[in-house]
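Working through the structure, step by step
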Amino acid sequence: MVVMPTVASNGRSRGFCCQPLLYRGPRNSWGFPKKLILSRTLISSPSLSIQSGGNLKQFVSPNVSSQSLAIELLDAWDDEYNGVVVDTNSLPSSANAFASALQASLCNWKLKGKKGIWLKILEDQADLVPIAIQEGFRYHHAEPGYVMLTCWIPAEPCMLPASPSHQIGVGGFVINDKREVLVVKEKCSCSCSGVWKLPTGYINKSEDIFSGVVREVKEETGVDTIFLEMVAFRHVHQVALDKSDLLFVCMLKPLSFEITIDEEEIQAAKWMPLDEFIGQKFYEDDPMSERVIDVCIAAYQEHYNGFTAHQLVSKFDGKMCYLYYDSTNNV
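We now turn to the structure provided with this report. Just so it is clear, the model here is predicted, and its values are computed rather than measured.

Read from one edge to the other, the open sheet built from 4 strands follows the order S14-S12-S16-S15, with strand pairing classed as mixed. A strand with exactly one partner marks an edge of an open sheet, and here the two such strands are strand S14 (200–202) and strand S15 (225–236). When strand polarity is set aside, the average angle formed by the axes of neighbouring strands in this sheet is 25°. Taken together, the 3 bridges between strand S12 (residues 166–174) and S14 define a ladder with antiparallel strand orientation. Bridge pairing links Gly-169 to Tyr-202 in S14.

Dropping the structure here:
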């Protein structure tokens, strides 16, 4: 099977098609010749040359002139779901070469019954994005430095996972031996403006929940802590940038007590008596926040058991992970 251009009666190429051809030379990992040289007639029907190693086989329609165009398939590997992941670092630097290789590769993948195609394009390759979009790719997600595009080949509903839909936040409940809670006032015009609240923030990429909450408390207040347990989490939808949000509330033990605030984010921070903290009108009017504080107090008084982090290896991916669960019942 070879990939070759189709030609209209006026001699212009109309794209690529796939036709059977007996070929016994070396092939790449996809089962295709290592290199195809496709020739396009300038007047009528096309000529086709196939080069592999030092051998060249040429099929030429008589009495026509032609020009040669070298086409190579994109480097890629199969994923676990009968899909393909394109090698970003091997993409052609030329837009024309990329367009030709992408067309030929799509034809190849379709013939092989492949389904989802993942194409990661780096920032300095941005001129390739419109070409991929024209060939049927769609935006999936973007991160600093790259955009991820996908293409679903079968004529059936797309089964590729959606783009990341959740952001993950953490909140730290830190209480000392004087029954004082570490609280902050944030510099913002949100609904909690002017309210003494728990230190909160988002975890970083590849950061564990217990590490993230310790870091956030340190950054906002300067207080060192150690993670004890996760006591509750909140799940809400369509918040910042229409994303869903998970907020994990954790009990932390203070290791230091001197406060040094992050003046870029925090207006003030202090150790506040527990009764004064829960007596704020904001918490009396907010059932969710009130329940969170109730759970934290119950955990502090050892009337409630939260989840602790246990390091395990998962056979699904062979990676070290943390499983959070209540281990007090000798599970």
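The 5 strands are arranged S7-S8-S9-S11-S10 in an open sheet whose pairing can be described as mixed. Single-partner strands in this sheet number two, and they are strand S7 (76–78) and strand S10 (138–143). The average undirected angle you get between the axes of adjacent strands in this sheet is 20°. Where strand S9 (residues 116–122) and strand S11 (residues 146–152) come together, 7 bridges link them in antiparallel fashion. Its bridge partner lying in S11, Ile-117 is registered against Cys-151.

The end-to-end C-alpha distance of helix H1 (residues 95–111) is 24 Å, a good match for the 24 Å that 17 residues give at a rise of 1.5 Å each. Those residues of H1 that fall on the buried side of the exposure criterion are Phe-98, Ser-100, Ala-101, Leu-102, Ala-104, Ser-105, Leu-106, Cys-107, Asn-108 and Trp-109. At the C-terminal side of H1, Gly-113 shows a positive phi close to 75°.

With that settled, the discussion passes to a nonpolar patch on the surface. A cluster of nonpolar side chains, contributed by Ile-226, Leu-228 and Leu-255, occupies part of the molecular surface with about 280 Å² of accessible area. Structurally, the position occupied by Leu-228 is in strand S15.

When you tally the buried positions in S12, you get 7 out of 9 residues, the bulk of the element. Two elements, S12 and strand S16 (residues 244–254), share 9 bridges in a ladder whose sense is parallel. If you follow Gly-172 over to S16, its bridge partner there is Cys-250.

Summarising the element assignment, Gln-125 is placed in the loop between S9 and helix H2 (129–134). For Gln-125, a relative accessible area of 14% translates into the label buried. With 37 residues separating them along the chain, Gln-125 and Thr-88 place their C-alpha atoms 9.6 Å apart. Leave out the neighbours within four places in its chain, and Gln-125 touches Thr-88, Leu-91 and Lys-120. Reaching out from Gln-125, the side chain makes a polar contact with the backbone oxygen of Thr-88 at a distance of 3.5 Å.

What follows deals with helix H6 (residues 287–300). For H6, which comprises 14 residues, the first-to-last C-alpha distance of 20 Å matches the rise-based estimate of 20 Å (1.5 Å per residue) to within 8%. Taken together, the buried positions of H6 are occupied by Ser-289, Val-292, Ile-293, Val-295, Cys-296, Ile-297, Ala-298 and Ala-299. Along its buried surface, H6 packs onto S12, S15, S16, helix H4 (274–278) and helix H5 (281–285).

So, on to the pairing of strand S18 (residues 308–313). Across 6 bridges, S18 lies against strand S19 (residues 320–325) in antiparallel orientation. The residue bridging Ala-309 from the neighbouring strand is Tyr-324, located in S19. The antiparallel hairpin formed by S18 and S19 contains 6 residues in its connecting segment, where Gly-318 sits at a positive phi of about 75°.

Moving on: the nonpolar core. With 21 residues, the main nonpolar core has Phe-98, Leu-119 and Phe-137 as its most contacted residues. Here the element with the most residues in this core is H1; it accounts for 5 residues. Here Leu-119 is in contact with Val-86, Leu-91, Phe-98, Ala-132, Phe-137, Val-147, Met-148 and Leu-149, once residues within four sequence places are set aside.

Basis of the calculations
Residues numbered from 1 in each chain as written. Predicted model: local features only at pLDDT ≥ 70, side-chain atom pairs only at ≥ 80, totals over all residues. Heavy atoms only, no water. Pairing = 2+ DSSP bridges. Helix = DSSP H or I, 4+ residues; strand = E, 2+ residues; numbered from the N terminus. Axes fitted to C-alpha atoms, helices over the stretch in contact; angles between N-to-C directions. Expected span 1.5 Å × (residues − 1). Buried < 20%, exposed > 50% of the residue type's maximum accessible area, 1.4 Å probe, protein only. Patch = residues over 30% accessible without salt bridge, like charges linked within 9 Å, V, L, I, M, F, W, Y side chains within 5 Å. Areas by Shrake-Rupley, 256 points an atom, 1.4 Å probe, with all protein chains shown as cover. Salt bridge = Lys/Arg side-chain N within 4 Å of Asp/Glu carboxyl O. Contact = heavy atoms within 4.5 Å. Polar contact = N/O pair within 3.5 Å; in protein donor to acceptor, adjacent residues only side chain to side chain. Core = buried A, V, L, I, M, F, W, Y, C linked by side-chain atoms within 4.5 Å.

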